[in-house]
Amino acid sequence: MWRDPDFRRLWAGQTASQFGAQSGQVTLPLLAVVALNADSTQLGALRAVQQIPILLFSLFVGAWVDRWRSRNVMVLADFGRAVALAAIPIAFLLGVLGVPVLLVLAFLVGVLTVFFDVAYQAALVRFVKRDQLVRGNSALEGSRSAAQIGGPALGGALVSLLTAPVAVVAGAFFFGVSCLSIRRIRHRESVPRTVERPARMRRQIAEGLRLVVGDPSLRAVGLASALFHFFFAALMTVYLLFLPRTLHLSGTAVGLVLAAMGPGALVGSVLAARLPRRLGHGVVLVSSAVLAEGVMLCVPAVRGSTTLTIASLMAVNFLFGAFSQLVDVTVMAVRQSITPLPVQGRVVATINFVGMGLTPLGSLLGGFLAGRWDLRTSLLLTAVGMALSPLFMAFSPLARLGRELPTPGEAIPL
């Protein structure tokens, strides 16, 4: 797999793109809070407009990706994100950057992120063999883990050393690098050819929806993902207020705390290439989800802004990153293995639509809780809500998955 230059270009481009996305997870909220004096409601709205494109466009994007070369989709998406982020410091210098302008640009970045994420997940299945899916996902998710290490830390440091609008340029740079790398892919993807009377978009979308709803395992993936992402979005909105305003951490410290998820996720990616085949995919999914959500219950108890406080938060985020990455990589391999090749894009988009479509409402919920109650109570409530996801998985077909990946149409034993 690593001897294939096109896979290496995909991996390099996806890595750079993840660095751009992860740095933006820190720079855009800090830009709103520090430079634009956004309150909790406005911060919740900012996170919501970044995430609502998943709900609005995922299904349509999935149908598009199944009909076009994923390479072209990824290149155009990254080029657009680079331009949108580069516009932020320009607007700041012109004196027109405010919360409304930031919301518009964040929405545009969110739309293009939907295109890129669906395309790169569908691209892997087109580039590698079925028995290489776990290793391929481990490599791509490992690069996302590396981005989680460097992206938030870089974003936080740039906000502290420079200004928040200038720090956003880092994301534009990484998206540009990704665009150039993926553009060099030469592999001719196997995508369905347009027939004389092509199916309408709505019919193609319906095919993806029927497959996900009709397959117990895919349906369970979507519902468990929906529970997790809804409450995780709420928790992160509160978390991004809790760190600078309750614990009084600097931008650099916030970046370090969030970046600690990266090393943990890197460890989780390595383990995900081995543990499911040894212990069983179901055991790994349920136990890892329980541990990931469990450690986040410790966050509301943290107090002060000392080195010990920062170290404690980094340890919690490290463990959360490791166990949640185990879940992510394993679920992705299961989903790709079950799904027939011609509908990979639509199934990815449908599960993203179901699983992440509620994240805008979760972000708004986080902003509402932060404005109504104190931040510690809000953190505790959202962390408890996240624990519903592993509880659901424990009673779903996912818990009965064995050591071997299922094939399309294969029933999971009761």
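Here, every reference points to the structure presented above.
Rules of the game
- Residues numbered from 1 in each chain as written.
- Predicted model: local features only at pLDDT ≥ 70, side-chain atom pairs only at ≥ 80, totals over all residues.
- Heavy atoms only, no water.
- Helix = DSSP H or I, 4+ residues; strand = E, 2+ residues; numbered from the N terminus.
- Buried < 20%, exposed > 50% of the residue type's maximum accessible area, 1.4 Å probe, protein only.
- Contact = heavy atoms within 4.5 Å.
- Areas by Shrake-Rupley, 256 points an atom, 1.4 Å probe, with all protein chains shown as cover.
- Phe/Tyr/Trp six-rings, centres within 6.5 Å; stacked < 30°, edge-to-face > 60°.
- Lys NZ or Arg CZ within 6 Å of the ring centre and 35° of its normal.
- Core = buried A, V, L, I, M, F, W, Y, C linked by side-chain atoms within 4.5 Å.
- Expected span 1.5 Å × (residues − 1).
- Salt bridge = Lys/Arg side-chain N within 4 Å of Asp/Glu carboxyl O.

1. Let's talk about the overall build of the protein
For the protein, the count of helices and strands is 18 helices and zero strands. Burial analysis of the protein (414 residues in total) assigns 58% to the buried set. In the protein, the share of contacts with a sequence separation of at least 24, taken over all contacts with a separation of at least 6, comes to 88%. Here the protein has roughly 17,400 Å² of accessible surface; of this, 67% comes from carbon and sulfur atoms.

2. Quick notes on the packing of aromatic side chains
Aromatic rings in a pair are described by how distant their centres are and how their planes are angled relative to each other. Applying the stated criterion to the full structure yields eight aromatic pairs. Considering the side-chain rings of Phe230 and Phe231, the 5.0 Å spacing of their centres and the 85° angle between planes classify their relative orientation as edge-to-face. Taken together, the ring pairs in this structure connect Phe19, Phe173 and Phe174 into an aromatic cluster. A cation sits over an aromatic face here: Arg372 above Trp373, 5.7 Å from the ring centre.

3. Digging into the nonpolar core
Counting residues in each nonpolar core, the largest one holds 62 residues, and the members touching the most others are Ile88, Tyr239, Leu243, Leu249 and Leu313. Here Leu313 is in contact with Tyr239, Leu243, Leu247, Leu249, Val257, Val299 and Val302, once residues within four sequence places are set aside. In this structure, Leu10, Val118, Ala139 and Ile182 belong to the second largest nonpolar core, which totals 26 residues.

4. A look at helix α7 (residues 169-183)
Three or four residues apart is the spacing at which side chains of an α-helix point the same way, because the helix has 3.6 residues per turn. Between its first and last C-alpha atoms α7 spans 21 Å; for 15 residues at 1.5 Å apiece the expected length is 21 Å, and the two agree. Buried within α7 we find Ala170, Gly171, Ala172, Phe174, Phe175, Ser178, Cys179, Ser181 and Ile182.

5. So, the environment of Phe115
Along the chain, Phe115 falls in helix α4 (residues 99-127). On the accessibility criterion, Phe115 (28% relative accessible area) is partly exposed. For the pair Phe115 and Pro53, spaced 62 residues apart in sequence, the C-alpha separation works out to 9.8 Å. Setting aside anything within four residues of it in sequence, one finds Phe115 in contact with Val61, Val73 and Ala77.

6. Describing the environment of Asn137
Of note, Asn137 is situated in helix α5 (residues 133-161). A C-alpha to C-alpha distance of 7.4 Å links Asn137 and Met332, two positions 195 residues apart in sequence. With sequence-adjacent residues up to four places away left out, Asn137 is seen in contact with Leu124, Gly142, Val329, Met332, Ala333 and Gln336.

7. Re the side chain of Gln14
By the element assignment, Gln14 lies in helix α1 (residues 5-35). Using a relative accessible area of 0% as the deciding quantity, one classes Gln14 as buried. Setting aside chain neighbours within four positions, we find Gln14 in contact with Phe116, Tyr120, Leu140, Ser143, Ser178 and Ile182.

8. Brief notes about the pattern of salt bridges
Across all of its chains, the model carries one salt bridge by this definition. Of the charged contacts in the structure, one is a salt bridge between Asp78 and Arg81, with a shortest N-O distance of 2.6 Å. Here Arg81 and Asp78 lie together in helix α3 (residues 70-93), a separation of three residues that amounts to about one turn. On the basis of relative accessible area, Asp78 is assigned to the buried category, the value being 0%.

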